[in-house]
Amino acid sequence: MLKLLQVSFRRHVWRSVCSAAAGRGAARGAAAAARRAGVRSCIVDTNLEEQFVFLDCAGLEEEPDEEQQLRVASGSGSGSGSGSDRQHRTHLRALERQLQVLRDGASQEPGPDSFMDFHDEDFPLDESLIKSQKKKKRKGAEPKGEHRVFGTADAGVAVSDTSCSGCGALLHCAAADLPGFLPSEKFKVLMATGKLGGATCQRCHLLTHHHKALHLQLTRDQYRDVVRRVRARKALVLLVVDLLDPPGSLVPDLPDLVGTNKQVVVLGNKVDLLPADAPNYLQRLKRRLARCCQDAGFGTQVADLHLISAKTGFGLEGLVSALQRSWSYKGDVFLVGGANVGKSTLFNALLESDYCRSAAASALRRATISPWPGTTLELLKFPITNPTPYRMFRRQNRLKEALQQTEAELPADELQRLQRLSRHGYLVGRVGQTFRSGGSRSEEIQFDPDSLAFGEDGGSQKEAAVGSHDKPNASDLKDAHWLYDTPGILRERDILQLLEDQEVRSVVPTRAIVPRTFVLKPGMTLFVGALARIDFLQGRKSCWFSVLASSQVPVHITGLDKAASVYERHAGHALLGVPAGGSERMQRFPALVPQDFSLEGRGYLEATADITLSSAGWVAVTAMSGELVELRVHGPEAAGFGLRTPPLLPHVASLKGERLRKSAAYKPLRAAGQIHNLKPSRN
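First, a word on what this report is: a plain description of the structure on this page. What you are looking at is a predicted structure, and each value in this text was computed from that prediction instead of being measured. (Residues numbered from 1 in each chain as written. Predicted model: local features only at pLDDT ≥ 70, side-chain atom pairs only at ≥ 80, totals over all residues. Heavy atoms only, no water.)

**Some thoughts on the overall build of the protein**
Looking only at helices and strands, one finds 19 helices and 22 strands in the protein. Across the 683 residues of the protein, 55% fall into the buried class. In the protein, of all internal contacts separated by at least 6 residues, the share reaching a separation of at least 24 is 79%. A total accessible area of about 29500 Å² is found for the protein, and carbon and sulfur atoms account for 50% of it. (Helix = DSSP H or I, 4+ residues; strand = E, 2+ residues; numbered from the N terminus. Buried < 20%, exposed > 50% of the residue type's maximum accessible area, 1.4 Å probe, protein only. Contact = heavy atoms within 4.5 Å. Areas by Shrake-Rupley, 256 points an atom, 1.4 Å probe, with all protein chains shown as cover.)

**Structural notes on the side chain of H481**
Relative to the helices and strands, H481 is located in the loop between α16 (449-452) and β9 (482-485). Ignoring anything within four residues of it in the chain, the contact list for H481 reads Y329, K330, G331, D332, F382, P383 and I384.

**As for the side chain of D277**
By secondary structure assignment, the location of D277 is in the loop between β2 (264-269) and α10 (281-296). Under the relative-accessibility criterion, D277 is labelled buried at 7%. At 2.5 Å, the side chain of D277 forms a polar contact with the side chain of R284. Excluding anything up to four places from it in sequence, D277 contacts R284, L649, P650, H651, V652, S654 and L655. (Polar contact = N/O pair within 3.5 Å; in protein donor to acceptor, adjacent residues only side chain to side chain.)

**Brief notes about the packing of aromatic side chains**
What the rule picks out here adds up to 7 aromatic pairs. Taken together, W544, Y604 and Y666 form an aromatic cluster joined through their ring pairs. Here the guanidinium or amino end of K381 rests over the ring plane of W482, the centre of that ring lying 4.1 Å away. Between K656 and the ring centre of Y666, over which it is positioned, the NZ or CZ distance is 5.4 Å. (Phe/Tyr/Trp six-rings, centres within 6.5 Å; stacked < 30°, edge-to-face > 60°. Lys NZ or Arg CZ within 6 Å of the ring centre and 35° of its normal.)

**Considerations on the nonpolar core**
Nonpolar side chains in soluble globular proteins tend to be buried together. Within the largest apolar cluster, 78 residues are counted, with the highest numbers of intra-cluster contacts made by L238, L239, V266, L346, Y355, F382 and L483. Mapping this core onto the domain boundaries places at least three of its residues in each of domain 2 (220-433 + 474-485) and domain 3 (496-674). Contacts of Y355, omitting those with residues within four sequence positions, involve V320, L323, Q324, W327, V333, L350, F382, P383, I384, T385 and L483. If you look at the next biggest cluster of nonpolar residues, it comprises 44 residues, including L496, V508, I534 and Y567. (Core = buried A, V, L, I, M, F, W, Y, C linked by side-chain atoms within 4.5 Å. Domains from an automatic or database assignment.)

**Remarks on the sheet that holds strand β11 (residues 524-528)**
Pairing within the open sheet is antiparallel, and its 5 strands lie in the order β14-β11-β12-β18-β15. The two strands at the open ends of the sheet, each matched to only one other strand, are β14 (555-559) and β15 (592-600). Averaged over neighbouring strand pairs, the angle between their axes works out to 20° when direction is ignored. The sheet contact formed by β11 and strand β12 (residues 532-538) spans 5 bridges and is antiparallel. Counterpart to L526 in the pairing with β12 is I534. (Pairing = 2+ DSSP bridges. Axes fitted to C-alpha atoms, helices over the stretch in contact; angles between N-to-C directions.)

**Focus: the packing of helix α11 (residues 316-326) against helix α14 (residues 389-403)**
Running from N to C, α11 and α14 cross one another at 160°; their axes reach a closest spacing of 12 Å. Taken as axis vectors, α11 and α14 run roughly antiparallel relative to one another. As for the relative orientation of α11 and α14, their crossing is left-handed in sense. Contacts between α11 and α14 involve E317, V320, S321, Q324 and R325 on the former and, on the latter, M392, R395, Q396, R398 and L399. In terms of residue class, the contact of α11 with α14 is built from 3 nonpolar, 3 polar and 4 charged. (Parallel < 35°, antiparallel > 145°, perpendicular 65-115°, else oblique. Left-handed = near helix turned anticlockwise from the far one by under 90°. Nonpolar A, V, L, I, M, F, W, Y, C, P; charged D, E, K, R; others polar.)

**Things to note about unusual backbone geometry**
In this structure, P579 follows V578 across a cis peptide bond, with omega equal to -5°. A cis geometry characterises the amide bond from T645 onward to P646, with omega recorded as -10°. For P646, the position within the fold is in the loop between β19 (642-644) and β20 (656-659). Of note in this structure, K662 is not a glycine but carries a positive phi near 55°. Inspection of the secondary structure assignment puts K662 in the loop between β20 and β21 (666-668). Overall, the relative accessible area of 80% leaves K662 in the exposed class.

As structure tokens, this is what we get:
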């Protein structure tokens, strides 16, 4: 059935793209007429939730006949790529581009990644091949930490038209450094046995089971070209933003990618990782996020805004209810956002909610999730539920019943699961499904932070077993609308692009961030690992510096006169932690470039600004009111460090304990996690 979905989607997009060129002039004319008629997009009011109404998209053609596509798909072959003329006409321009890249790459000598070094339990390789590859590896020098795989590429085998169920790339065995690669030994067997439809590519396997990332020959523009397919569709855009890095994680040219006639729902993800610095901090975060959208130039397209956690489930039930009431079943929905903002995690969470058709939820595999940018390479999708009055009635009854439950009424394993989630994040939500395939009883989703999102406990991603439940048939998908997960837009400047595998795992926060506050006098320096150095150059009084970053990144305080020698001696070693690998690693890490900033204090109750460290977090600076503070921030030029005003959590300095004796540090305070939509037990 995954094959049927793939062919159906290809025909759908191909016809849309072909007709888009002819209708582009009409679309612009219709849009201009709408503006002259006074039709305006609504601006988000952050004090109102779930009360927006979507305007009809102007200048878009009608949806293709989905029923006809299903009939064509059901009559197609097994996906070997050598079928009838009808199959050849379904090839998309994206497939043609990838074929061209594969042809170009096939003429080159096999690179070091052509030989893989991981254990695949489902496909043991010939021992003679393993021994021969080990001999080759001993002969030549290998970069430290390089992850190799047994198996070879074979450019003579045709590329399949089957997509990887983890990232969406077309599966092939032509070149190891291109998306969708499988070792030729495994690829040929799966093709011969007709089991290629449920396979995942080498890259997804390594990300999931070995926490290793392979570097691919895929440019930033190629990622963007995939997202631009949204322009020709009547669709709603769900823009996912990383709340740990606004506005850096916003897509600045969103209208150019998806079109100016699209309504956008902004989703501030990872809110569970942020500590509450004041009682109304969630409302303040929503206002701040709305302001960032205005500054980025697409504020007029924003129809609604939600704060969510795709990992712990916070806010997801409210999001599903809002989408079903407002967007209803008008068209497809696309998840769009920058790399590493949590889109694939959200895709997996919605896959197991009321937003996905119950008949399809158990038959579709989850998207591959990792902390490395650019995990999704093509379009993954699932059919969304048509919110009929009966379904909405059943869903509302389930939600009301869930609100009346107390902790004592929950099963012991369910309560333990929620408590475990509350240790991972500050905010936890309960997400359930009203309809289950093969059963009528409503059930809570078994949210596991190590399977829904990249965890730090070594847990592997759990995949829904294909075939364990009834697969959706043609009648289930008749006239269906879909939710698509698009590739993350790679940022031009980001610290993660400079880090290696284990360093990325250390830098990306996966648990609730506990602020670490230090008091510094002028003439002192604060190191955030070996990634950033902040010099306190000038000021009359001491200032508080609150570091909000992963707990695995060390913070070190020293005098300004010793800072250079400390970095030279300890960068790459245990004291500064990240990057790791000694002087050899630091030779490959770019030099730190200084930037000077002048700040004016707002008092000891409110931070004056944040020093942003891109995906690594930020440092909030709190100074006496009216105090002029001179800082010098050192960091890699390609990391994109900068200044953010106003600060994201202005009262973060209040989240500290007593000052440690003979130290510049304060005792960290970690607030308890809150489980929403659950009554506390009565004592």
